[in-house]
Amino acid sequence: MNGLTVSLERKIAFGLGSALLILLLVTAAAGWNIARFSGTQVWVNHTREVLGHLEQTLSLVLNMQTSTRGFVLTGSEDMLRPHVQSGLELERTLAALRRLTEGNPRQQERLTRLEPLIARARQIMSERIAARRARGLAAASETQAYLDGQYTVESARAVVLEMVAEERRLLDDRLARTLRFGRLSIVTIITSSGLAIVLVLFGAAQVRRDLHRRRDAELALQESYARIEDLYNHAPCGYQSLDPQGIIVEINDTALAWLGYTREEVVGRMNFTEILTPQSAAAFVVRYATFKQTGTTTNAEYEWRRKDGTLLPVLLNATAIYDRQGNYVASRATLFDVTMRKRAEAERDRFFTLARDLLCVASFDGTFTRVNPAWETVLGLKADELLAHPIIDFVHPDDREQTIEETRRLMRGEETVDFENRYRRRDGSFRWLRWSARSVASEKLIYASARDVTERKNDDERIQSLNADLALRAAQLEAANAELESFSYSVSHDLRAPLRHIDGFASLLARRTAASTDPDARRYVTTISRAAKQMGTLIDDLLAFSRIGRTPLRLERLNHNRLVADVISDGHYGEGGNSITWEIGPLPDVRADAAMLRQVWRNLIDNAVKYSGKAAEPRITIGGNRNPATVDEYVFFTRDNGVGFDMSYVDKLFGVFQRLHGPSEFEGTGIGLANVRRIVSRHGGRTWAEGRVGEGAVFYFTLPVTPSPPRALT
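These figures come from a predicted structure and were not determined experimentally.

Asker: Explanation requested: the overall build of the chain in the structure shown.
Answerer: Summing up its helical and strand segments, the chain has 18 helices and 17 strands in all. Every one of the 714 residues in the chain was classed for burial, and the buried ones make up 40%. Expressed as a percentage of contacts within the chain between residues at least 6 apart in sequence, the contacts between residues at least 24 apart total 60%. Entry remark: accessible area of the chain is about 40000 Å², with carbon and sulfur atoms responsible for 56%.

Asker: I keep staring at unusual backbone geometry and nothing clicks. Help me out?
Answerer: Trans peptide bonds make up the majority, and among non-glycine residues the majority have a negative phi. Phi at Asn-299 is positive, roughly 55°, even though this residue is not glycine. Position of Asn-299 among the secondary structure elements: in strand β3 (residues 296-305). A relative accessible area of 23% means that Asn-299 is categorised as partly exposed. Phi is positive for Asp-418, which is not a glycine, with a value near 60°. A relative accessible area of 45% means that Asp-418 is categorised as partly exposed.

Asker: Quick question: what am I supposed to make of the side chain of Glu-406 here?
Answerer: For Glu-406, the location among the structural elements is in helix α13 (residues 400-411). A distance of 2.6 Å separates a polar atom in the side chain of Glu-406 from a polar atom in the side chain of Arg-409. In contact with Glu-406, not counting residues within four places along its chain, are Thr-416 and Phe-419.

Asker: Which parts of the structure should I look at to understand the packing of helix α2 (residues 81-100) against helix α3 (residues 105-135)?
Answerer: Packed helices, taken two at a time, are described by the angle their axes make and the gap between the axes. Here α2 crosses α3 at 170°, and the two axes come no closer than 11 Å. When the axis of α2 is compared with that of α3, the two are roughly antiparallel. Residues His-83, Gly-87, Leu-90, Glu-91, Leu-94, Leu-97 and Arg-98 of α2 form the contact with α3, whose own contacting residues are Gln-108, Leu-111, Thr-112, Leu-114, Glu-115, Ile-118, Arg-122, Met-125 and Ile-129. Looking at the contact of α2 with α3 residue by residue, the class counts come to eight nonpolar, four polar and four charged.

Asker: Could you clarify how one ought to interpret the pairing of strand β7 (residues 368-371) in this entry?
Answerer: As judged from the three bridges shared by strand β6 (residues 358-363) and β7, these two strands associate in the antiparallel manner. Residue pairing across strands places Val-361 opposite Arg-370, the latter belonging to β7. The antiparallel hairpin formed by β6 and β7 contains four residues in its connecting segment, where Gly-366 sits at a positive phi of about 90°.

Asker: Even after reading the chapter, I still don't get the side chain of Thr-152, so can you show me in this structure?
Answerer: For Thr-152, the location among the structural elements is in helix α5 (residues 143-191). According to the relative accessible area criterion, Thr-152 is buried, its value standing at 6%. Residues contacting Thr-152, with those up to four places away along its chain left out, are Leu-117, Arg-120, Ala-121 and Ile-124.

Asker: Please explain the sheet that holds strand β9 (residues 430-440) as it appears in this structure.
Answerer: In a beta sheet, neighbouring strands are held together by backbone hydrogen bonds and run either parallel or antiparallel to one another. Here five strands make up an open sheet; going across it, the order is β7-β6-β10-β9-β8 and the pairing antiparallel. A strand with exactly one partner marks an edge of an open sheet, and here the two such strands are β7 and β8 (416-424). Within this sheet the neighbouring strands show an average axis-to-axis angle of 30°, counted without direction. Of the pairings in the sheet, the one linking β9 to strand β10 (residues 445-452) comprises eight bridges and is antiparallel in character. From the neighbouring strand, Arg-434 faces β10, where its bridge partner is Arg-451. α13 contacts β8, β9 and β10 of the sheet and is inclined by roughly 140° relative to β8.

Asker: Whenever I open this one, the sheet that holds strand β4 (residues 311-322) confuses me. Can you help?
Answerer: The strand order across the open sheet formed by five strands is β2-β1-β5-β4-β3, and the pairing between neighbours is antiparallel. Single-partner strands in this sheet number two, and they are β2 (248-251) and β3. Geometrically, the sheet is characterised by an average inter-axis angle of 30° between neighbouring strands, direction not taken into account. Sheet analysis places strand β1 (residues 238-242) next to β2, joined by three bridges and oriented antiparallel. What sits directly across from Leu-242, in β2, is Ile-248. Lying on the sheet, helix α9 (residues 278-294) is in contact with β1, β3, β4 and β5 (328-337); it crosses β3 at an angle near 155°.

Asker: Help me understand the packing of aromatic side chains in this model?
Answerer: Two aromatic rings, taken as a pair, are described by how far apart their centres are and by the angle between their planes. Taken as a whole and assessed by the stated rule, the structure comprises 21 aromatic pairs. Between Phe-272 and Phe-284, the aromatic rings sit 4.8 Å apart at their centres with planes inclined by 65°, giving edge-to-face as the arrangement. Taken together, the residues Phe-272 in the loop between α8 (263-266) and α9 and Phe-284 in helix α9 connect sequence positions 12 residues apart. For the pair formed by Phe-272 and Phe-284, the shared burial category is buried. Taken together, a centroid distance of 6.3 Å and an interplanar angle of 50° make the contact between Tyr-634 and Phe-636 tilted. On the accessibility criterion, Tyr-634 (10% relative accessible area) is buried. By relative accessible area, which is 0% here, Phe-636 ends up buried. A connected cluster of aromatic rings, assembled from ring pairs, spans Trp-258, Phe-272, Phe-284, Tyr-288, Phe-291, Tyr-302, Trp-304, Tyr-322 and Tyr-328. One Lys or Arg, Arg-157, reaches over the ring of Tyr-239 and ends 4.7 Å from the middle of that ring. We note Arg-370 situated over the ring of Phe-352; from NZ or CZ to the ring centre the distance is 4.2 Å.

Asker: Whenever I open this one, the nonpolar core confuses me. Can you help?
Answerer: Counting 36 residues, the largest nonpolar core has Leu-597, Trp-601, Ile-605, Phe-699 and Phe-701 as its most contacted members. Secondary structure elements with two or more residues in this core: α16 (560-571), β13 (590-593), α17 (594-611), β14 (619-626), β15 (633-640), α18 (672-682) and β17 (697-704). Among the elements that make up this core, the one with the highest residue count is α17 (eight residues). Apart from residues lying up to four places away in sequence, Ile-605 is in contact with Val-564, Val-567, Ile-568, Tyr-573, Trp-582 and Ile-622.

Asker: Would you mind showing me how to read the pattern of salt bridges here?
Answerer: Two side chains carrying opposite charge are able to pair once their charged atoms lie near each other. Tallying each qualifying case throughout the model produces 40 salt bridges. For Asp-357, the salt bridge is made with Arg-451, and the minimal N-O distance between the two is 2.9 Å. Note that Asp-357 is positioned in the loop between α10 (339-354) and β6 and Arg-451 in strand β10, a separation of 94 residues in sequence. Members of the salt-bridge network, linked through shared partners, are Arg-106, Glu-109, Arg-110, Arg-113, Glu-162, Glu-166, Arg-169 and Asp-173.

Asker: Is there a simple way to explain the environment of Val-72 in this structure?
Answerer: Tracing the backbone through its elements, the reader meets Val-72 in helix α1 (residues 2-74). Residues Val-72 and Ala-130, spaced 58 residues apart in sequence, show a C-alpha to C-alpha distance of 9.6 Å.

Asker: Looking at this structure, I do not really get α3. What am I missing?
Answerer: Residues spaced three or four apart along an α-helix face the same direction, because each turn holds 3.6 residues. The end-to-end C-alpha separation of α3 is 45 Å, in line with the 45 Å expected for 31 residues at 1.5 Å each. Positive backbone phi, at 90°, marks Gly-136, one or two positions downstream of α3.

Asker: When you look at the packing of α16 against α17 in this model, what are you seeing that I'm missing?
Answerer: Between α16 and α17, whose axes approach to 10 Å, the crossing angle comes to 55°. With respect to α17, the axis of α16 lies oblique. The hand of the α16/α17 crossing is right-handed. Along its contact with α16, which presents His-560, Leu-563, Val-564, Asp-566, Val-567, Ile-568 and Asp-570, the element α17 presents Ala-594, Leu-597, Arg-598, Trp-601, Arg-602 and Ile-605. Residue classes in the contact of α16 with α17 are distributed as eight nonpolar, one polar and four charged.

Conventions we followed
- Residues numbered from 1 in each chain as written.
- Predicted model: local features only at pLDDT ≥ 70, side-chain atom pairs only at ≥ 80, totals over all residues.
- Heavy atoms only, no water.
- Helix = DSSP H or I, 4+ residues; strand = E, 2+ residues; numbered from the N terminus.
- Buried < 20%, exposed > 50% of the residue type's maximum accessible area, 1.4 Å probe, protein only.
- Contact = heavy atoms within 4.5 Å.
- Areas by Shrake-Rupley, 256 points an atom, 1.4 Å probe, with all protein chains shown as cover.
- Polar contact = N/O pair within 3.5 Å; in protein donor to acceptor, adjacent residues only side chain to side chain.
- Axes fitted to C-alpha atoms, helices over the stretch in contact; angles between N-to-C directions.
- Parallel < 35°, antiparallel > 145°, perpendicular 65-115°, else oblique.
- Nonpolar A, V, L, I, M, F, W, Y, C, P; charged D, E, K, R; others polar.
- Pairing = 2+ DSSP bridges.
- Phe/Tyr/Trp six-rings, centres within 6.5 Å; stacked < 30°, edge-to-face > 60°.
- Lys NZ or Arg CZ within 6 Å of the ring centre and 35° of its normal.
- Core = buried A, V, L, I, M, F, W, Y, C linked by side-chain atoms within 4.5 Å.
- Salt bridge = Lys/Arg side-chain N within 4 Å of Asp/Glu carboxyl O.
- Expected span 1.5 Å × (residues − 1).
- Left-handed = near helix turned anticlockwise from the far one by under 90°.

Written out as structure tokens, the structure is:
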């Protein structure tokens, strides 16, 4: 028993020892596998984090590109907010990638290539934003800058995808190791003794837990792949891949939406030439053969034919994928809808072609690079003739030095406005052109427009000639007027003495013949005396009329109603005849020469009193107010109920010596209304009259509310 017990104990001890040993071995193996599995899991999480940052990097770059393109197209500063936010986030993401890939030289090398590409892309975006702000959509949409930016972004995207591929490979390796460690643990536990069942169960639980973790990691990766796929399919540009025969093997949803086809209709079925117009298809066949050898295509323009038959212009940039043996596998291409750009170019070309002004583009070397049809219309020279010779050859020899200096100013960055020179026409004559121009130093080009101002120049010359002639005639007229004034003054003074003699001797003769019984003799003497007095009055009126043109105006503020009342009071109207009914309304005060305005009213009132004197009940109305039609002048009038006049003779009323009634009917010299017109005209006003025979007349005159400098009459 003891032996058996010992043996049993030994067996138990051995069993227990073996079990313990197995347990220890299983525990050690399980612990070792768990440690390796945990380490692998850490690297899996690390890989997931790197993939997330790579995805974020690509997304931020594309967001900045989309924000820049939106600002360029719309000019709205709100479109730049995502650009600024993405730029800040991008710097943090790149720093995180640099830290996370420190232990991977290949990823570090790719990151070294990626950072300058992103910096270059951001620089190009900033330049396009600045160009849009400074020079508008046309400058910001320059094809080269646009394509450089797109090429840089695509290059950065290619590097990011290389890094993603590297991380996926690392992830697959680490997941594979995780799976191996799990299986090894299961095998170790299954082959261990039953005494280690608890450890087996424990190991199985650990394996199960790690399997759940692996599943979670796979789900996260699937979500990441889905996001990348969504980014690919819903990018603002089209993506596609072609196999060596030109069959479309990949295409994103954006490009499919442009075409109007489904993915099933296109992928693996359509050759790229099938969606191109015949002309574009022919160009593609030649370019694709070259592309498979060179591995790159930049800014290739094609016309797609959509499913509905409409055309879509696109711009294509592509790089090639080769296998390890250098054999061509497929293309990676980005496509951009350039409909708006083509439309803008067509509108620009249409404007350039239809413009009436002469439009041109000139190089800094002194030659035209482009001219519009207006040049042939104005100069009779065709475009190829203008482009074949230096510009200076067409300029008038007298204008060449100034033209060269103006061109130098443009090349220094200054602006040309209203510069004029003469250009030779086909027939040898010259036309005057007025220029406006600006230069673009980076392109070494000058953009200019000109207008044919030959007729205007000729008109200016004619006007200058006419002005010179008019000045000469004005001087001659002034001299003639001065001579006439002097003559009138001399004549009037020289006539006074004979008239006084005639009047005096007529009076003496009248006294001598007073006792005579010859009535005819007395009548003759009386007629002579009356004619002499009338002649004297006429001379006085002529002298007064002459002085009005020479006397300077003394403008002052006048109480109009008081002035008119004084004129009526001084005139003693109505004495010895029918009583006059006066109707005088409120008159606005004016700025005028008091003496001259008094003369106006005296002549007008005298006129009204004289021609209404034969009425049974004479009535004279005086009034004035601001003219509602012009606002800037006052209108005054005198209205009477006298004999009136025939309106067919109205033009004679304000002329010197112009009378509509003979002296036997109404006294007067015919100068009063002429004085009225001359005085009112010197104040900047107008005169006119209205009337009917037997129904009275109305005489009007105006004075400005704000008088201009006094006008001198000659």
